[in-house]
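Results of the structural survey
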Amino acid sequence: YTSALVGGPYAAPAVVLASPGADSRKPQCSLDSIATLHMVWEEGNAPNREIFYATRTSGGTITTSNLTNSAGIDESSPRIHVDSANRIHVIWESGGAVLYRRKTVSFSTAITLPHVSGGSNAESPDVCTDVGDRVYAMWSEGVAGRRNLRIMRSDDNGANFGGVSVDGLALRGSVIMNEPRIKGGTDGDVYVAFNGQDASG
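Residues numbered from 1 in each chain as written. Predicted model: local features only at pLDDT ≥ 70, side-chain atom pairs only at ≥ 80, totals over all residues. Heavy atoms only, no water.

What follows deals with the overall build of the protein chain. From N to C terminus, the protein chain includes zero helices and 14 strands. From first element to last, N terminus to C terminus, the protein chain shows the α and β order β-β-β-β-β-β-β-β-β-β-β-β-β-β. Taking 201 residues into account, the globule formula puts the C-alpha radius of gyration at 17 Å, and the protein chain, at 17 Å, falls close to it. Evaluated residue by residue, the protein chain yields a buried proportion of 40% over its 201 residues. Contacts spanning at least 24 positions in sequence make up 41% of the contacts within the protein chain whose residues lie at least 6 apart. When the accessible surface of the protein chain is totalled, it reaches about 10100 Å², and 52% of it is carbon and sulfur. Of the side-chain charges in the protein chain, 17 are positive and 21 negative, and the distance between the mean point of each set is 1 Å. (Helix = DSSP H or I, 4+ residues; strand = E, 2+ residues; numbered from the N terminus. Rg over C-alpha atoms; globule rule 2.2 N^0.38 Å. Buried < 20%, exposed > 50% of the residue type's maximum accessible area, 1.4 Å probe, protein only. Contact = heavy atoms within 4.5 Å. Areas by Shrake-Rupley, 256 points an atom, 1.4 Å probe, with all protein chains shown as cover. Lys, Arg positive; Asp, Glu negative; His and termini not counted. Charge placed at Lys NZ, Arg CZ, Asp CG, Glu CD.)

If you want it as structure tokens, here you go:
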């Protein structure tokens, strides 16, 4: 981790977690309204990676914890979002499914979000909230040799998902859709970007 004041130099990087012998990859961070930075990343070596979470206060105190600790399950590609009430939303891949946890005072139990029937792997999840603090979860999933996108919504700020429909809204197209990213806009509006590749390559 490092930071800089506007127009100034970056400070010397600080170690968030020392992990000799293990890989630390795919970090992402989000800042809350009291200047605490919330960070997630995948820790360990495939096929036994875990999702780690850390905070850095405005005073520079760094605290880390393991969000998953699921033996025998490979967990990766975490994303994090802080909403307008400083609630923390984390989403990640777990053994071909997508898991979600929310933190108010402490983290809730992980929720497995449903994806396409048939057990196709769900990949590259992302999470956001709109101005009304509805939570949107999105990911790419394999269907009949293609990859579609699925979006799910929670109208109770992450306690339950299915506000769009029971299994979310599936975006199906003539292209293979990967690496989706989602961002909340005005009330009920969300913006989506993704890679679209012709099925022939």
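After that view of the structure, there is still more to cover.
What follows concerns the pairing of strand S10 (residues 135–143). Across the nine residues that make up S10, a large majority, eight, are buried. Bridge count between strand S9 (residues 122–129) and S10: six bridges; the pairing is antiparallel. Considered in S10, the bridge of Thr 129 is made with Val 135. Counted along the chain from S9 to the antiparallel partner S10, the turn is five residues long, and its residue Asp 133 has a positive phi close to 60°. (Pairing = 2+ DSSP bridges.)

With that out of the way, let us pick up the environment of Ala 193. Mapped onto the fold, Ala 193 is located in strand S14 (residues 190–198). Along the primary structure Ala 193 and Glu 179 are separated by 14 residues, whereas in three dimensions their C-alpha atoms are 8.2 Å apart. In contact with Ala 193, not counting residues within four places along its chain, are Glu 179, Pro 180 and Arg 181.

Of all residues except glycine, most have a negative phi; of all peptide bonds, most are trans. The linkage connecting Ala 46 with the following residue, Pro 47, adopts the cis geometry, with an omega of 10°. The backbone of Ser 77 sits at a positive phi, close to 55°, despite the residue not being glycine. If you trace the backbone, Ser 77 turns up in strand S5 (residues 75–82).

Taken together, the four strands give an open sheet; going across it, the order is S1-S2-S3-S4, and neighbouring strands pair in antiparallel fashion. Two strands in the sheet have a free side with no partner beyond their single neighbour: strand S1 (24–31) and strand S4 (62–66). Sheet twist, expressed as the mean angle between neighbouring strand axes with direction ignored, is 20°. As paired strands, strand S2 (residues 37–43) and strand S3 (residues 50–56) are joined by seven bridges and run antiparallel to one another. If you follow Met 39 over to S3, its bridge partner there is Ala 54. (Axes fitted to C-alpha atoms, helices over the stretch in contact; angles between N-to-C directions.)

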